[in-house]
Amino acid sequence: MDLTIPENVEKVRGMLRMLGKTRLRPLGIEADRSGHALPSDHPFFREALGFGMTGGFTGPLDQPDKQRDPNRPRSAARRAVILAEEAAYWDRGMATSMPGPSLGGPPVYLMGTPEQKQKYLGIFEGAKEPCWAAFAMSEPGAGSDVAALRTRARKDGDHWVIDGEKMFISNGNRASWVVVWATIDPTQGRAGHRAFIVERGTPGFKVARVDKKMGLTASETASLTFENCRIPAENLLGGEHTAGKEGFKGAMATFNITRPIVGAMAIGIGRAAYDEARRFARDNFTGVSAHRMYRARERLGTIRRKLEAGRLLAWHAAWLADHKKPNAAEASMAKAYGPPVALEAASLGMDILAEAGAASDYLIEKLYRDVKVLDIVEGTGQIQRLVMARQLINHGAPHE
Amino acid sequence: MIEFALTEEQTLVVEMARNFATRELRPNIRIHEDHGVSAAVRTTAKSAGLAELWTEADTDLITRCAAAEELGFGDAGAALVLIGPALASAVAARLGIDAKDVDAIHIHEGAAPSTIAWLPVRGNGNDPQAKIVQLNREGQWRAAIVKAEPIQAIGLHAAGAAKCTVIDTVSAGEAGERGPLAIAEARLAIAAMLVGTARASLEYVQSYVQERITFGKRLADHQGVAFIVADVAMVTHAARMMVQRGAIALAGGDPSGAAHAFVEAHAATLFAVERGVQLLGGHGYLKDHPVEKFMRDARALALYAGGRDPAAEDSEHNAWETRWT
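This section reports on the structure supplied with the text. Every value quoted in this text rests on a predicted model; they were computed, and no experiment measured them.

Looking at the overall build of chain A
Secondary structure assignment for chain A yields 10 helices and seven strands. Its C-alpha atoms give chain A a radius of gyration of 21 Å, within 12% of the compact-globule value 21 Å for 400 residues. Principal axes of the C-alpha set define a box for chain A whose edges measure 75 × 50 × 45 Å. Taking as baseline every contact in chain A between residues at least 6 positions apart, the subset at least 24 positions apart corresponds to 78%.

Right, here's the structure in full:
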């Protein structure tokens, strides 16, 4: 066992820390106060390309896997959770809005044909202009219950025709392409699910609206519509022969990588809340009663322990993913544990600040608003418990 | 890179402990509870070299914790009998005391002329004695002969609870910087055993909820039940991670991770074992099933190594004083 962050990842984390302090956090606060995400042509995004920080810190694609010894396990998932936590520490909204494939990357990476990977992931390699991708699963009537999705895809000659609506799509308004999940036959349930790559500008593909949210303003969230949207047959993710087998399974495999990342992001936000509360108490708690001091220390201890545990759960789930070991239960644990703990961190932190905690002069009220959604996206906490329970009943408790 | 796999050597030791716990401890939990650990089981444990994991200085902390978890999984009371004195010796060694024949460790605050301990009692029935090492959080230690009067306690019956009153101080001294490290060693072992007990309860419940039919379906298929099973598994897994991290930190000379781990293992395990009894309903309250024993044992075990509040205090001190990145 070794819980040391390796030097090469620590170096990137250090760069990210600098970027976070000077750009991500100030810009995230700016977006929050203005009520609008940074426009896609904001100079920062071009500047970010210069840092080599594409990928949205959420995908496994920014790992230099090409130099990897094929006899050694991947480290991309572990790297992703470490960097995702650090990015979210500074501003999770900005981290999500960074140019790159973001959540659209993992399904292409996991299920895509070589041609699809080349064409769609290739645009991010050495990109001169900021570009984004997106992942469109949720619908107005099918959020966490992904098996209930109703967006239809039908084959028409050399094309697929997609009809339906998608909601809660991060970067959906600026994505160059979107991985869209649809069913070819609702009566087949999960077996009928397929993923398609829909390019921006395809006739019939529209952004219906950009959502207004409680927090994470720096991250643009969109609702998308597909009306008689025709895409080439080769845009079926994974190709004609493997897509049927890989449909729902592919979605789940994607979640097993992205859920620990979301858990890690929550820990990042929680860590920011812990730092804010700790700094406030240390700076201001001179002369307060012993009881108040005791309460503050008790709360900070609680926050710290739980956040550390949440980080370890995310790291462990990512480690399993890198070793290609089953991790559905552990990925759900990381996802189910991190966000409520981080929300508790922000809430207890606000209690430490007292009335000041409600004021936007301090970061902590923003963190409280920002982190809540992480218990909802990528499958709510309730869904994670369903996944865990199924795994535990069928396969037993994790021992490794 | 971050790595969670155990080495081949560590795996062998843990598997040995797991096999021992599964074959020798678990089937005999009620016998051990009523009559103490049998001579046959003690002999098997001795030949397996379980106690040596703590008395041999070159055994790493990750191995010790993983083995302690397995023994706690088997039967925490019996585990205390088999490794308690060795653990006490390891703690004594951290203090620089040559105390190989010590029976138990007692971590406390201020002066503590008496304590409750689960330890082997020597001497005849009229003059039961034991040797313990007392260490207070202010940094003073003493090795003492105690009068050990057997008492009834909530759990860990296999280990035999005794009220210990100091009758003779053999040696004493200042622990200095060694004190927190010694306390951390004890906290980690107990935290690992707590995680093992939580796992034992979880595993039993997992099996039970698949077999028990209520309202025409398996208990496991009731969402209210499934969610509890999931939550228990999640916090137990998190506590295990914290114990392992605490072991790595202590190996590097940092005792704070053990304090964090103890508090998390305490919370997770007491949650797990109580939920275990609850999920079995009335059956859980009966001695026909082991979950009531897991609940009693865990409640007692969580008082060991100084208990929760001092650990929480050390954890909170660390959270206040050091930044976490």
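Remarks on the overall build of chain B
Helix and strand counts for chain B stand at 11 helices and seven strands. Taking 2.2 N^0.38 as the reference for a compact globule, 325 residues should give roughly 20 Å; the C-alpha atoms of chain B span a radius of gyration of 19 Å, in line with that estimate. For chain B, the spread of C-alpha atoms along the three principal axes comes to 65 × 55 × 35 Å. Long-range contacts, defined here as pairs at least 24 residues apart, represent 72% of the contacts in chain B between residues at least 6 apart. Accessible area of chain B: about 12,700 Å², with a carbon and sulfur share of 52%. Distance between charge centroids for chain B: 4 Å, based on 30 positive and 40 negative side chains.

Examining the packing of aromatic side chains
Following the criterion strictly, the structure yields 13 aromatic pairs over all chains and no others. Here the aromatic rings of Phe280 of chain A and Phe285 of chain A are separated by 6.2 Å at their centres, their planes lie at 80 degrees, and the arrangement is edge-to-face. Among the residues examined, Phe285 of chain A registers a relative accessible area of 6% and is labelled buried. Put simply, the rings of Phe44, Phe45 and Trp132 of chain A touch in pairs and so form one group of aromatic residues. Above the face of the Phe255 of chain A ring, Arg259 of chain A is positioned so that its terminal group lies 4.3 Å from the ring centre. Stacked on the ring of Phe73 of chain B, the Lys or Arg Arg26 of chain B has its end atom at 4.6 Å from the ring centre.

What to know about a negative patch on the surface
Residue and element names in this part refer to chain B. A contiguous patch of negative charge, built from Glu8, Glu9, Glu52, Glu56, Asp58 and Asp60, is present on the exposed surface. Mapped onto the secondary structure, Asp60 falls in the loop between helix H4 (52-55) and helix H5 (61-95). Judged by its relative accessible area of 31%, Asp60 falls in the partly exposed class.

What about unusual backbone geometry?
Residues and elements named next belong to chain A. Of note, the phi angle at Ser102 is positive, near 45 degrees, even though the residue is not glycine. Tracing the backbone through its elements, the reader meets Ser102 in the loop between helix H3 (76-97) and helix H4 (105-111). One non-glycine residue with positive phi stands out, namely Lys324, at about 55 degrees. By the element assignment, Lys324 lies in the loop between helix H7 (290-322) and helix H8 (328-353). Using a relative accessible area of 68% as the deciding quantity, one classes Lys324 as exposed.

Some points on the nonpolar core
By size, the foremost hydrophobic cluster in this structure holds 197 residues, and its most contacted members are Phe44 and Trp315 of chain A together with Trp54, Leu119, Val133 and Ile190 of chain B. If near-sequence neighbours (up to four positions away) are discounted, Val133 of chain B is found in contact with Ala92, Leu95, Ile97, Ala99, Val102, Ala104, Ile105, His106, Arg142 and Ala143 of chain B.

Side note on the interface of chain B and chain A
The interface is formed by 48 residues belonging to chain B together with 55 residues belonging to chain A. Summing the contributions of chain B and of chain A, the shared interface buries around 5,000 Å²; its carbon and sulfur component is 65%. The largest share of the area that chain B buries against chain A comes from Met1, Trp320 and Trp324 of chain B, three residues that together contribute 21% of it. Linking chain B to chain A there are five salt bridges. Across the pair Glu3 of chain B and Arg78 of chain A runs a salt bridge, and its minimum N-O distance is 3.9 Å. Connecting chain B to chain A are 22 residue pairs in polar contact (both at pLDDT 80 or more). Top contributing element to the side of chain B that touches chain A by residue count: helix H7 (residues 223-251) of chain B, with 16 residues. Classifying every residue of the side of chain B that touches chain A gives 24 nonpolar, 11 polar and 13 charged.

What about the environment of Pro120 of chain B?
Residue and element names in this part refer to chain B. Looking at where Pro120 falls in the secondary structure, it is placed in the loop between strand S2 (114-118) and strand S3 (129-136). The sequence separation of Pro120 and Val166 amounts to 46 residues, and the corresponding C-alpha distance is 16 Å. Those residues in contact with Pro120 that lie beyond four places of it in its chain are Pro85, Asp103, Gln129 and Ala130.

Regarding the side chain of Ser201 of chain B
Residue and element names in this part refer to chain B. When you line up the elements, Ser201 lands in helix H6 (residues 178-211). The buried category is assigned to Ser201, whose relative accessible area is 1%. Apart from residues lying up to four places away in sequence, Ser201 is in contact with Ala272, Val273, Gly276, Val291 and Phe294.

A short note on helix H8 (residues 256-279) of chain B
Residues and elements named next belong to chain B. When the terminal C-alpha atoms of H8 are compared, their 35 Å separation across 24 residues agrees well with the 34 Å that a helix rising 1.5 Å per residue should span. A large share of H8 lies buried, amounting to 20 of its 24 residues. Just beyond H8, the residue with positive phi is Gly281, at close to 60 degrees.

As for helix H2 (residues 43-50) of chain A
Residue and element names in this part refer to chain A. Among the residues of H2, Phe44, Phe45, Ala48 and Leu49 are the ones counted as buried. Taken down its axis, H2 places every buried residue within 150 degrees of arc, on the same side. Of the exposed residues in H2, those oriented more than 90 degrees away from the buried face are Pro43 and Gly50. For H2, the elements touching its buried residues are helix H1 (7-34), H3 and strand S1 (132-136).

Quick word on the sheet that holds S2 of chain B
Residue and element names in this part refer to chain B. Here we have five strands laid out as an open sheet, ordered S1-S3-S4-S5-S2, and mixed in their pairing. The open sheet has two edge strands with one neighbour each: strand S1 (104-108) and S2. Neighbouring strand axes in the sheet, compared pairwise and without regard to direction, differ in orientation by 40 degrees on average. Sheet topology places strand S4 (residues 140-150) next to strand S5 (residues 161-174); 11 bridges connect them, and they run antiparallel. Residue pairing for S5: Trp141 is matched across the bridge by Gly173.

Focus: the pairing of S3 of chain B
All names here are of chain B. Counting buried residues in S3 gives seven out of eight residues, a clear majority hidden from the surface. In this sheet, S3 lies alongside S1 in parallel orientation, the contact comprising five bridges. The residue bridging Ile105 from the neighbouring strand is Val133, located in S3. Across seven bridges, the pairing between S3 and S4 is antiparallel. The residue of S4 that forms the bridge with Ala130 is Val146. Counting the residues between successive antiparallel strands, the hairpin from S3 to S4 contains three residues, one of them, Gly139, with a positive phi of roughly 110 degrees.

Some words on the side chain of Arg174 of chain A
When you line up the elements, Arg174 of chain A lands in the loop between strand S3 (159-170) and strand S4 (175-183). Sequence-distant contacts of Arg174 of chain A, defined by excluding residues within four places in its chain, comprise Ala37, Leu38, Pro39, Ser40, Phe45, Ser97, Trp132, Arg200 and Glu220 of chain A.

Quick look at the pairing of S1 of chain B
Of all the five residues making up S1 of chain B, five are buried; the element is thus mostly covered by neighbouring parts of the structure. Neither face of S1 of chain B is left uncovered, since the one carrying Ala104, His106 and His108 of chain B and the one carrying Ile105 and Ile107 of chain B both have all their residues buried.

Rules behind the numbers
- Each chain has its residues counted from 1, running along the sequence as written.
- Chains carry letters and ligands carry numbers; both start at the beginning, A for chains and 1 for ligands, and go up in the order they are written.
- In keeping with the model being predicted, local features are shown solely for residues with a pLDDT of at least 70 and side-chain atom pairs are shown and tallied solely at 80 or more, while totals for entire chains, interfaces and linings include all residues.
- Side-chain numbers here rest on the full set of heavy atoms in the structure, without hydrogens or water.
- Each helix is a run of H or I in the DSSP string that is no shorter than four residues. Each strand is a run of E no shorter than two, and both are numbered from the N terminus.
- Computation of the radius of gyration draws on C-alpha atoms alone. For the globule rule, the value is 2.2 Å times the number of residues to the power 0.38.
- In what follows, residue pairs with any heavy atoms lying within 4.5 Å of each other are defined as contacts.
- Working definition of accessibility: Shrake-Rupley area with a 1.4 Å probe, residue cover restricted to the visible protein chains.
- Counting rule for charge: Lys and Arg are taken as positive, Asp and Glu as negative, and neither His nor the chain ends is counted.
- The atoms used to mark charge sites are NZ of Lys, CZ of Arg, CG of Asp and CD of Glu.
- In this scheme Phe, Tyr and Trp rings, the latter by its six-membered ring, pair at centre separations within 6.5 Å, and the angle between planes marks the pair as stacked below 30 degrees, edge-to-face above 60, and tilted otherwise.
- Summary of the burial criterion: residues with accessible area below 20% of their type's maximum are buried, those above 50% are exposed, and those between are partly exposed, where the area comes from a 1.4 Å probe applied to protein chains only.
- Throughout this description, the term charge over a ring refers to an Arg CZ or Lys NZ atom that lies within 6 Å of the ring centre and within 35 degrees of the ring normal.
- Put simply, a patch holds well-exposed residues, over 30% relative accessible area, that have no salt bridge, with like charges counted together within 9 Å and Val, Leu, Ile, Met, Phe, Trp or Tyr side chains within 5 Å.
- Between Lys or Arg on one side and Asp or Glu on the other, a salt bridge is scored when a side-chain nitrogen of the former is within 4 Å of a carboxyl oxygen of the latter.
- Residues belong to a common nonpolar core when they are buried Ala, Val, Leu, Ile, Met, Phe, Trp, Tyr or Cys residues joined through side-chain atoms within 4.5 Å.
- Accessible area that two parts lose when put together, with a 1.4 Å probe and added across both, is what the buried area reports.
- Contacts described as polar in this section are N or O atom pairs within 3.5 Å, which, within protein, must combine one atom able to donate a hydrogen with one able to accept it, while residues neighboring in sequence count only if both atoms come from side chains.
- When residues are grouped by polarity, Ala, Val, Leu, Ile, Met, Phe, Trp, Tyr, Cys and Pro land in nonpolar, Asp, Glu, Lys and Arg in charged, and all others, Gly among them, in polar.
- In this scheme, a helix's expected span is set at 1.5 Å multiplied by one less than its residue total.
- By definition, the arc is the one covered by directions from the helix axis to the C-beta atoms.
- Paired strands, in this sense, are two strands between which DSSP finds at least two bridges.
- Convention adopted: a line fitted to C-alpha atoms gives each axis, helices being fitted over their contacting stretch, and angles between N-to-C directions are expressed from 0 to 180 degrees.

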